[in-house]
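Results of the structural survey
In case you want the letters, here they are:
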Amino acid sequence: MKKVIKACKQSYIKYAFCLISLLCVFPFQSKASSEDSVRISLLTCSPGSEIYALFGHTALRYQNMKTGMDVVFNYGMFDFHAPHFIWRYIKGETDYQLGVTDYFYFEQEYSERNSSVYQQTLNLLPEEKDALFQILQKNYLPENRVYRYNFFFDNCSTRPRDRVEECIKGKVTYTKNTSPLSFRDIVHEFTAGHDWAEFGIDLCLGSKADEIIDYRLKMFAPYYLKEALTGAKIKANDGKERMLVSNAEEIVHRSPNKKTVESSYPSPLLTAWVLFVLVLLITAYGYKKKKSYWGIDIVLFSMAGLAGCIIAFLVCFSQHPTVSPNYMLIVFHPLHLLYLPFMFWKAYKGKKDPYQLANLAVLTLFIVFFCLLPQKINLAVVPLALCLWIRSLNYVCLNYKRNK
C-alpha cells in the first residue's frame, strides 16, 4: 500500500522526462478528454514482501491515445528518510503526497518485485474524465500534493476512490462486502505469514480496531476496493444506471516460478513459549535454592515497561484513531519500569512488596479472562504475561518462605 521514493533505483533523468512530459501536456489536455482517446483506470497492485507493501497498493492510470501520454497518479508516495519520519509516524502525523510517474516505470517496478497489477477501466463519460483529470491536476499542484496520511481512513486506496466519486454526475453504488470484519481482521488477512509484523501491529492497535466496520471502511485495503468496484454501478442524476467498470484485466503478471523468501525466524508465539519455559525452569531452581535471580526480573520487567511506555504514548498522544483504549496496558505498562528500583530495594531488604502481589492478582485475572476482553489479544502475549506472573509469584512465595 505504501510506496517508498527510491531515488537510487530510478534515475533523475527518468523523473525529469516524466515531469516535463506531464507539464507539456497538462495545458492542452482538458479538451482532449472529451474524446474516446482518453482512458482512466484504477490499478490494484498485489502485496509485496516489505512491511510497507504488505497490504498492496492502489493508483490511478491516465492514458491519452492521441498524445501518447500514459501516467500513473500515486497517492502513496512518502520519503522514509524525511526528518523524524518514525517519530511522526508513531504520533500519527505522517505526511504522504501525490506523485506522478510514467506508466512504463510503474509497471517495471512491480514486475521486478514480482507483484501482479490489475487494471479496472472506469466507465466514465467524457465530461467526467475531464473533471477527474482536472481534479488530479489540482491535487498535484505543489501546494496541494502533500496530505496528512491515515492508515485506515485516508490513504492511497481511499483517495483515488474519493477523487473518482467527486467527478461523477450521480451516485456510485458499490458491491457490498457484508462479512462481519474489523480493521484487525483485515490487517491479519494481509500480514499472514509475517508473524512478527502482525505481533507488533497487534500490540499497538487498541480495542477500536476490533469493532465491526461497514463495506466502505473496508476499502482502506486496495483489494477490498478492487472487489467493491467489481459490479459497482453509477446511478446518474437522470435515473439511468451504468457499470462503473467497463473492463478488468491483469496487466502485470506475477511469475509463479519465483519463490518468495520465507522468514527463518521462529514465530512470536513459539519464542514466547520457549522464554516462558526457561523462566519457569530458572524460577523453580531458584525457589528451591531460596534465590530470586534478580537479573531475570531486570530484563523481563524492563522490557515490559518499555513496551508499556510505547503503548501508553500511543494511547495518550498519538493521533491514530484506533490505538486507544488498549488493553495491552494490563500486561505491559510504564509502572514496571518506574517501580523497578523500589522492587529490588524491597527484595534486598526482604520486605513485603504490595506491587508484586497486585501484579500477581492483575495478571491472574488477565490470563484467565483475556478471551472476554473487547479486544483481540495476540496469543504470544499469554506466555509473556505468564513470565511476569511466575516472577511475581516467585517473589511472593519466597518472601513468605523467608518470613515463615
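What comes next is a walk through the structure. (Residues numbered from 1 in each chain as written. Predicted model: local features only at pLDDT ≥ 70, side-chain atom pairs only at ≥ 80, totals over all residues. Heavy atoms only, no water.)

1. Let's talk about the overall build of the chain
Within the chain, the regular secondary structure consists of 14 helices and 11 strands. Counting every position in the chain, which comprises 404 residues, the buried fraction comes to 48%. Counting contacts in the chain only where the partners sit at least 6 residues apart, residues at least 24 apart contribute 79% of the total. Just so you have it, the chain exposes about 20,600 Å², and 63% of that area is on carbon and sulfur atoms. (Helix = DSSP H or I, 4+ residues; strand = E, 2+ residues; numbered from the N terminus. Buried < 20%, exposed > 50% of the residue type's maximum accessible area, 1.4 Å probe, protein only. Contact = heavy atoms within 4.5 Å. Areas by Shrake-Rupley, 256 points an atom, 1.4 Å probe, with all protein chains shown as cover.)

2. Quick notes on the pairing of strand β2 (residues 38–45)
Of all 8 residues making up β2, 7 are buried, and the element is well covered by its neighbours. Relative to strand β3 (residues 57–64), β2 is paired through 8 bridges, and the arrangement is antiparallel. Bridge assignment links Leu42 to a residue of β3, and that residue is Leu60. Relative to strand β6 (residues 117–122), β2 is paired through 5 bridges, and the arrangement is antiparallel. Opposite Ser41, over in β6, you have Thr121 as the bridge partner. (Pairing = 2+ DSSP bridges.)

3. Brief notes about the pattern of salt bridges
Taken as a whole and assessed by the stated rule, the structure comprises 12 salt bridges. When the shortest N-O distance is used, the salt bridge between Asp210 and Arg184 registers 2.7 Å. On the criterion of sequence distance, the pair formed by Asp210 in the loop between α7 (195–204) and α8 (222–229) and Arg184 in helix α6 (residues 183–191) is long-range, its members being 26 residues apart. For the residue pair Asp210 and Arg184, the accessibility class agrees, reading buried in each case. For the salt bridge of Lys376 with Asp185, the shortest nitrogen-to-oxygen distance reads 2.6 Å. Highlighted residues: Lys376 in the loop between α13 (354–369) and α14 (381–402) and Asp185 in helix α6, separated in sequence by 191 residues. One salt-bridge network, held together by shared partners, links Arg161, Asp162, Glu165 and Arg216. (Salt bridge = Lys/Arg side-chain N within 4 Å of Asp/Glu carboxyl O.)

4. Considering the environment of Phe183
Secondary-structure assignment places Phe183 in helix α6. Accessibility expressed as a relative area gives 3% for Phe183, which makes it buried. For the pair Phe183 and Phe220, spaced 37 residues apart in sequence, the C-alpha to C-alpha distance is 9.1 Å. If sequence neighbours within four positions are ignored, Phe183 has contacts with Phe152, Phe153, Ala209, Glu211, Ile213, Leu217, Phe220 and Thr322.

5. Focus: α8
In an α-helix, one turn spans 3.6 residues; hence positions three or four apart end up facing the same way. Every buried residue belonging to α8 is among Pro222, Tyr224, Leu225, Ala228 and Leu229, and all of these are buried. Along the long axis of α8, the arc covered by the buried residues comes to 160°, so they all point the same way. After α8 finishes, the residue Gly231 shows a positive phi value of roughly 90°. (Arc of directions from axis to C-beta.)

6. Focus: the pairing of β6
Taken across its 6 residues, β6 has 5 buried, putting it largely inside the fold. Pairing of β6 with strand β11 (residues 245–252), which is carried by 6 bridges, proceeds in the antiparallel orientation. Opposite Tyr118, over in β11, you have Glu250 as the bridge partner.

7. Side note on the side chain of Thr322
Following the sequence through the fold, Thr322 ends up in the loop between α10 (294–317) and α11 (335–338). For Thr322, the residues in contact, after removing those within four places along its chain, are Phe152, Phe153, Phe183, Leu205, Gly206, Lys208 and Ala209.

None of the figures reported here should be taken as evidence of function without further support.
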